[in-house]
Amino acid sequence: MPRPSPARLRSPRIWGAGSVLLAGGVVATLVLTSGPDAAEEGAQTAADGLVHTSIEISPSGCGHGWRHPRPGTQVFDLHNTSSNAAEVYLKAVGTGAVYGEVEGIGPGTTRQLRVRLGQGSYAFMCLPDDADAVTGPTVRITGGGRGGPAAAPITQHDLIDPSIDYQKWVGGGLDDLVRQTGALRDAVTRGDLAAARDAWLPAHLTYERLGAAYGAFGDADKKINGTTAGLAGGVRDPEFTGFHRVEYGLWHGESADALRAPAGALADAVTALRDDWAQARMDPAALGLRAHEILENTVQFELTGRTDYGSGSNLATARANLDGTRAVLARLRPLLTTRFPELPQLDQQLDRTQRLLDGFRADGRWTPLGELDRGRREQANAVLGDLVERLASVATLCDPRRTV
């Protein structure tokens, strides 16, 4: 399956109730009006009905301008007066929990941060490019209701142990994959194509479960699980190799002689990947992103049938991708437990998705995507789409952040 290379999901945002909500990255022209607090220097009521406070962002003046703190929903207009780009956190003093952040504020530009604050102590942290972090003055708010949700930032260091544990788990999966692709190759070699078809799916699903490791697999992923996307010759292109090349032959009447080379090349590529894996190093920063991206790709490629070369196994692959997502979440769970209030709801949606996908298998046979009626296909799209949306918050929470 084609998979986009990991990309950072970070953008101007506030922390939502268990999820992360975008905070309006485009700075709009505001019409300022008189209001109860309009006389206060640096704080004015805008046309949106919210109080706006101008905040300086610079190493020497981080957080300056917040002279009249108040509870409730409000907007901070963050103006970078320095010569370097910077990112900014609004955090709780003491716990370090982040209520909002804006990334990539260029020199001389202003970006907006909308948050809801309650009673407590807060401070802006400015993180200029290529310079140490600076924390501004502490501001205390009294009265008011509860503030918006916040979460302690996850650092690169926090993700190292989960990443190492996951990498070891992948190593065990690659051992299984070597055995299974060897059995597939042997069945093709002896001319038993019925046995080869039986061996193909278990091997392919084992590979699909290793979903968070594709970025570390490098070129091996294309050799093992590439499609015809971008290949001028389509299914006849010499660069079309791996599982889907063998799949096409097995379900389109190719002879055992024609499939011996592709099956052997697949087994060899898997063995080489297994042997090289001990020296590979996964990027810890990508682990949270892949918790979201695995099923995002499933919706894009499996639920559209774009990766079906004859076996009709897209729904089985989707089920394996769900297992792969759970494997990532199991490593991230200790970090999410105290940061993600909607974790129980996410677990419920994972279970719901599993029940739905398991229902597409009967008597050992997976229903091909094309045999689903419109109602069941829409249900699959809706359930997995909802799960992908929930997992986007996991990716954002687990995006490592600077703290120094």
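For the structure, check the block above.
Report follows, based on the coordinates. (Residues numbered from 1 in each chain as written. Predicted model: local features only at pLDDT ≥ 70, side-chain atom pairs only at ≥ 80, totals over all residues. Heavy atoms only, no water.)

## So, the packing of helix H2 (residues 193-208) against helix H8 (residues 314-336)
Part 1 of the reasoning: Look at H2 against H8: their axes get within 8 Å of each other, and the N-to-C directions meet at 35 degrees. Remark: the crossing between H2 and H8 carries right-handed chirality. On the side of H2, the interface is formed by Leu-201, His-204, Leu-205 and Glu-208, while H8 contributes Ala-316, Thr-317, Ala-320 and Asn-321.
Part 2 of the reasoning: Its residues placed into classes, the contact of H2 with H8 shows 4 nonpolar, 3 polar and 1 charged. (Axes fitted to C-alpha atoms, helices over the stretch in contact; angles between N-to-C directions. Helix = DSSP H or I, 4+ residues; strand = E, 2+ residues; numbered from the N terminus. Left-handed = near helix turned anticlockwise from the far one by under 90°. Contact = heavy atoms within 4.5 Å. Nonpolar A, V, L, I, M, F, W, Y, C, P; charged D, E, K, R; others polar.)

## Comments concerning the pattern of salt bridges
Part 1 of the reasoning: A complete count under the given rule lists 19 salt bridges for this structure.
Part 2 of the reasoning: With its nearest N and O atoms 3.9 Å apart, the salt bridge here joins Arg-179 to Asp-176. One end of the pair is Arg-179 and the other is Asp-176, both in helix H1 (residues 156-189) and 3 residues apart, which spans about a single turn.
Part 3 of the reasoning: Taking relative accessible area as the criterion, Asp-176 reaches 37% and is therefore assigned partly exposed.
Part 4 of the reasoning: Residue Arg-290 pairs with Glu-293 through a salt bridge whose shortest N-O separation is 2.4 Å. Taken together, the residues span about one helical turn, with Arg-290 and Glu-293 both in helix H7 (residues 286-302) at a distance of 3 residues. There is no split in this pair, since Arg-290 and Glu-293 are both buried.
Part 5 of the reasoning: What you see here is one network of salt bridges that share partners, running through Arg-209, Arg-319, Asp-323 and Asp-358. (Salt bridge = Lys/Arg side-chain N within 4 Å of Asp/Glu carboxyl O. Buried < 20%, exposed > 50% of the residue type's maximum accessible area, 1.4 Å probe, protein only.)

## Let's talk about the packing of H1 against H2
Part 1 of the reasoning: Look at H1 against H2: their axes get within 9 Å of each other, and the N-to-C directions meet at 160 degrees. When the axis of H1 is compared with that of H2, the two are roughly antiparallel. In the crossing of H1 with H2, the sense of the turn from one axis to the other is left-handed. Packed against H1, whose contacting residues are Gly-173, Asp-176, Leu-177, Gln-180, Thr-181, Leu-184, Ala-187 and Val-188, the element H2 presents Ala-195, Ala-196, Ala-199, Trp-200, Pro-202, Ala-203, Thr-206 and Tyr-207 at the interface.
Part 2 of the reasoning: Split into classes, the residues belonging to the contact of H1 with H2 amount to 11 nonpolar, 4 polar and 1 charged. (Parallel < 35°, antiparallel > 145°, perpendicular 65-115°, else oblique.)

## Details of the state of the cysteines
Part 1 of the reasoning: Throughout the structure, instances matching the rule amount to 1 disulfide.
Part 2 of the reasoning: Put simply, Cys-62 and Cys-126 are joined by a disulfide, and their sulfur atoms are 2.1 Å apart. Between Cys-62 and Cys-126, the disulfide has an S-S torsion of 90 degrees and is therefore right-handed. Highlighted residues: Cys-62 in the loop between strand S5 (51-57) and strand S6 (72-80) and Cys-126 in strand S10 (residues 120-128), separated in sequence by 64 residues. Each member of the pair Cys-62 and Cys-126 is classed as buried. (Disulfide = S-S within 2.5 Å.)

## Quick notes on empty space enclosed by the protein
Part 1 of the reasoning: In the structure shown here, the tally under the stated rule is 1 cavity of 30 Å³ or more.
Part 2 of the reasoning: Taken as a whole, the largest cavity holds about 30 Å³ of empty space.
Part 3 of the reasoning: Contributing to the lining of the largest cavity are Lys-222, Gly-226, Thr-227, Leu-231, Glu-239, Phe-240 and Thr-241. (1 Å grid on protein atoms, 1.4 Å probe; cavity = no way out; pocket = protein on both sides within 12 Å on 5 of 7 lines; lining within 4 Å. Points joined across faces, edges and corners; volume = space filled by probe spheres on them.)

## Remarks on the nonpolar core
Part 1 of the reasoning: Formed by 74 residues in total, the largest nonpolar core has its most connected members in Tyr-166, Phe-217, Ile-224, Leu-332, Leu-336, Leu-346 and Val-394.
Part 2 of the reasoning: Here this core takes 11 residues from H8, the largest share from any one element.
Part 3 of the reasoning: Look past the residues within four positions of Leu-332 in its chain and what remains in contact with it is Leu-159, Leu-287, Gly-288, Ala-291, Val-394 and Cys-398.
Part 4 of the reasoning: In this structure, Phe-76, Ala-86, Ile-105 and Phe-124 belong to the second largest nonpolar core, which totals 21 residues. (Core = buried A, V, L, I, M, F, W, Y, C linked by side-chain atoms within 4.5 Å.)

## Things to note about the environment of Asp-77
Part 1 of the reasoning: Inspection of the secondary structure assignment puts Asp-77 in strand S6.
Part 2 of the reasoning: Counting along the chain gives 37 residues from Asp-77 to Arg-114, while the straight-line C-alpha distance between them is 8.8 Å.
Part 3 of the reasoning: Of note is the side chain of Asp-77, whose polar atom sits 3.2 Å from the side chain of His-52. (Polar contact = N/O pair within 3.5 Å; in protein donor to acceptor, adjacent residues only side chain to side chain.)

## Let's talk about the pairing of strand S4 (residues 43-46)
Part 1 of the reasoning: As defined by bridge partners, S4 adjoins S5 across 3 bridges and the pair is classed as antiparallel. Paired with Gln-44 across the strands is His-52, a residue of S5.
Part 2 of the reasoning: Linking two consecutive strands that pair antiparallel, namely S4 and S5, is a turn of 4 residues; a positive phi of about 85 degrees is found at Gly-49 within it. (Pairing = 2+ DSSP bridges.)

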